[in-house]
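As a plain string of letters, each chain reads:
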Amino acid sequence: MEPASVLSETDAPTDAPTERLDVRELGPPEPLRQTLETLAELDDGTVLVQENDRAPQHLYPKLDDRGYDYETVETDDATVTIIWTP
């Protein structure tokens, strides 16, 4: 999976730096925890590309509360959630 190909399917900025986080092999609540920790460490303007084995339903309200924009795209090998600061 190339982040650029998934980014182009969303409203995320395509010219921003990206950080990739693969949480497909982790059991709950690790994907949620690792995603929020990674977001807190990223520079403003960096887009997080989270690869998961399912849509991160528990993550969405936390992203809303923190003011992030996000979109989830299904690919052949992962559920990819793109997260960025508007």
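These lines cover the structure that appears in this document, whether it is placed above or below. (Residues numbered from 1 in each chain as written. Predicted model: local features only at pLDDT ≥ 70, side-chain atom pairs only at ≥ 80, totals over all residues. Heavy atoms only, no water.)

Points about the overall build of the chain
(1) Moving on: Of the regular secondary structure elements, the chain holds three helices and four strands.
(2) Moving on: Secondary structure elements in the chain, listed N-terminal to C-terminal, are α-β-α-β-α-β-β.
(3) Moving on: Relative to the compact-globule value of 12 Å for 86 residues, the chain shows a C-alpha radius of gyration of 12 Å, a close match.
(4) Moving on: For the chain, the spread of C-alpha atoms along the three principal axes comes to 30 × 30 × 20 Å.
(5) Moving on: Counting contacts in the chain only where the partners sit at least 6 residues apart, residues at least 24 apart contribute 62% of the total.
(6) Moving on: Accessible surface computed for the chain: about 5000 Å², of which carbon and sulfur atoms make up 44%. (Helix = DSSP H or I, 4+ residues; strand = E, 2+ residues; numbered from the N terminus. Rg over C-alpha atoms; globule rule 2.2 N^0.38 Å. Contact = heavy atoms within 4.5 Å. Areas by Shrake-Rupley, 256 points an atom, 1.4 Å probe, with all protein chains shown as cover.)

Observations regarding the layout of surface pockets
(1) Moving on: One number sums up the size of the largest pocket: a volume of about 210 Å³.
(2) Moving on: Lining the largest pocket, in full, are Pro-28, Pro-29, Pro-31, Leu-32, Gln-50, Asn-52, Arg-54, Ala-55, Pro-56, Gln-57, His-58 and Leu-59.
(3) Moving on: Elements with a contribution of two residues or more to the lining of the largest pocket: α2 (30–41) and β2 (47–52).
(4) Moving on: Counted by class, the lining of the largest pocket contains seven nonpolar, four polar and one charged residues. (1 Å grid on protein atoms, 1.4 Å probe; cavity = no way out; pocket = protein on both sides within 12 Å on 5 of 7 lines; lining within 4 Å. Points joined across faces, edges and corners; volume = space filled by probe spheres on them. Nonpolar A, V, L, I, M, F, W, Y, C, P; charged D, E, K, R; others polar.)

What to know about the pairing of strand β3 (residues 69–74)
(1) Moving on: Pairing of β3 with strand β4 (residues 79–84) involves six bridges; the strand directions are antiparallel. Following the sheet pairing, Val-73 is matched in β4 by Val-80.
(2) Moving on: Counting the residues in the hairpin turn of β3 and β4 gives four residues. (Pairing = 2+ DSSP bridges.)

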